[in-house]
Amino acid sequence: MPEYKLYYGKGKGYGELSRMLFALGELEFTDVRMEDGDEKTELINNSPYGANPNFEIDGVMYGKNVAIARYVAKKVDLYGKTDIDQLKTDAIVDYLYQDVMGKLIGIYLEKDEEKKANLTEEGKDFVKNTAVGKLEKQIEGENTFLASGLSWADVAVFNFFHDLYTPFFKEDAFEGSPILKKHSEHVASLPLLKKHLETRAVTEF
Amino acid sequence: MPHYKLYYANGRGFGELSRYLFALAQQDYEDIRFGDDLKWEDFKPSAPYGRMPFLEIDGERFGQNASIARYLANAFNLGGATDLEKLKADGVIDCIQKDILSKVSAVFRVSDEEKKAILKKEAYDNTVEFYGKLEEQVSGENTFLKSGLSWADIVFYNFHTDLYADRFDAIDLSPTPKLKKVIDNVAQNEHIKNWISKRPVTQF
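In this text, all values refer to a predicted model and were calculated from it rather than measured experimentally.

Rules used throughout
Residues numbered from 1 in each chain as written. Chains lettered and ligands numbered in written order. Predicted model: local features only at pLDDT ≥ 70, side-chain atom pairs only at ≥ 80, totals over all residues. Heavy atoms only, no water. Buried < 20%, exposed > 50% of the residue type's maximum accessible area, 1.4 Å probe, protein only. Helix = DSSP H or I, 4+ residues; strand = E, 2+ residues; numbered from the N terminus. Pairing = 2+ DSSP bridges. Axes fitted to C-alpha atoms, helices over the stretch in contact; angles between N-to-C directions. Contact = heavy atoms within 4.5 Å. Phe/Tyr/Trp six-rings, centres within 6.5 Å; stacked < 30°, edge-to-face > 60°. Lys NZ or Arg CZ within 6 Å of the ring centre and 35° of its normal. Parallel < 35°, antiparallel > 145°, perpendicular 65-115°, else oblique. Left-handed = near helix turned anticlockwise from the far one by under 90°.

J.: How should I be thinking about helix α1 (residues 16–25) of chain A in this particular structure?
T.: The α-helix advances 3.6 residues per turn, and as a result positions three or four apart in sequence lie on the same side. All names here are of chain A. For α1, the tally of buried residues reaches nine of ten residues, placing the bulk of the element in the interior. Of all the residues in α1, the buried ones are E16, L17, S18, R19, M20, L21, F22, A23 and L24. At the exit of α1 stands E26, carrying a positive phi of roughly 50 degrees.

Right under this line is the structure:
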């Protein structure tokens, strides 16, 4: 059994998807949650791509949060069983991280209050009126994206809305989207994920 | 063998990565390019995620450029030999597509010349910084992966040669000799050379 160590900050952020996948697979790993400081800075500076999360497997460091999550998904059998299903999950996660989160990161970074307010409205509108619809179209199973059952794509989408969108925008993205609402409720109800949600560290983001 | 149709604009852009992979595998596919005869506007409403490129496999359509390329790479034995190698390749691809390309793309979204110049400098500096990081990731003699040529090499070649090149200050590869070897290895590949000699010559 390889030794897995996930390095991130104290929050959920970009580390949480992998943590959820480890929980769903009951796969052991060391959840290193670093305080801001010299040790964290040094780790980040020496890491493959200069940012957390980083993932150490038997002493070798790997970077990039989605790449890490995809690896963990494979190890816990949540990547999809066929190459086409894997392509489907990759595309959903890609859409989520590149198209959706990529659009929203500008809001987080904007310092000008008025611009921030405009971008926030645009962001909410985009998520609720465009992104949600595109994601709903991809659902082929009973509350799962794949007809064959749960995959990391379901967990990624749940993680985004539950841990990022709602806390940041302080609203529910699912008004008018019963399909995605049901999807989210289904994922949250999975016993291993429910237990993870109940026992994980409470952080703002 | 599945029947493949790649849909993209008449240009290299974000479609060329898949085209290189098809060429390396010597795999037949329909190289469909939008233009006056085939309007993107007609396809956009039903295109997966509303974007191009998208790949049709036996009649079913799939979107998201990197995901399509990963699927093809794995199908053509260019994905990496083990899950660890695939994790490494995915990291390289994500670095190029997210850390590097994002600053490059930002330049094209701005029309003000003064702003453009500032963003171009940022894109250059950022690219140089991340090339330094990518240099450390080259584990083979002239490939990112120890096991040999993979789509990671193609993604890097595609970025350096097609997406970055000509539009920004040239990047000197002498501080990153391993990256230069990666580029040269791809450039010298018979199937890549053959494709480059046959493909439509386009501005982007």
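J.: Help me understand the sheet that holds strand β2 (residues 30–34) of chain A in this model?
T.: Backbone-to-backbone hydrogen bonds pair the strands of a sheet. The strands run either parallel or antiparallel. Strand order in the open sheet formed by four strands is β2-β1-β3-β4 (chain A), with mixed pairing between adjacent strands. Unpaired on one side and paired on the other, β2 and β4 (60–63) of chain A mark the two borders of the sheet. Strand-to-strand twist of the sheet, defined as the mean angle between neighbouring strand axes without regard to direction, takes the value 25 degrees. In the sheet, strand β3 (residues 54–57) of chain A pairs with β4(A) via four bridges, with the strands oriented antiparallel. Residue A:N54 lies in a different strand from β4(A), and its bridge partner there is A:G63. Strands in contact with helix α2 (residues 38–46) of chain A are β1 (4–9), β2, β3 and β4 of chain A; relative to β2(A), the strand with the most contacts, it is inclined by about 115 degrees. Across the sheet, helix α4 (residues 83–108) of chain B lies against β3 and β4 of chain A, angled at about 45 degrees from β4(A), the strand it touches most.

J.: Hey, could you run me through the packing of aromatic side chains in this one?
T.: Given two aromatic rings, their pairing is described by the distance between the two centres and the angle made by the two planes. Here the structure, examined in full by the defined rule, presents 34 aromatic pairs over all chains. An angle of 40 degrees between the planes, with centres 4.6 Å apart, marks the rings of A:Y165 and A:F169 as tilted. Of this pair, A:Y165 and A:F169 both sit in helix α6 (residues 152–169), four residues apart, which is roughly one turn of the helix. For the pair shown, A:Y165 and A:F169 are each scored as buried. A network of ring pairs unites the aromatic residues A:Y108, A:F160, A:F161, A:Y165, A:F168, A:F169, A:F174 and A:F205 as a single cluster. In this structure, B:K120 is placed above the aromatic ring of B:F168, and the distance from its NZ or CZ to the ring centre is 6.0 Å.

J.: Got a minute to help me understand the packing of helix α4 (residues 83–109) of chain A against helix α3 (residues 65–75) of chain B in this structure?
T.: Describing two packed helices takes the angle between their axes plus the distance from one axis to the other. Running from N to C, α4(A) and α3(B) cross one another at 155 degrees; their axes reach a closest spacing of 8 Å. In terms of orientation, α4(A) and α3(B) fall into the roughly antiparallel class. Taken as a pair, α4(A) and α3(B) cross one another with a handedness that is right-handed. Contact with α4(A), carried on its side by A:D83, A:I84, A:L87, A:D90, A:A91 and A:D94, involves B:A66, B:S67, B:I68, B:R70 and B:Y71 of α3(B) and no other residues of that element.

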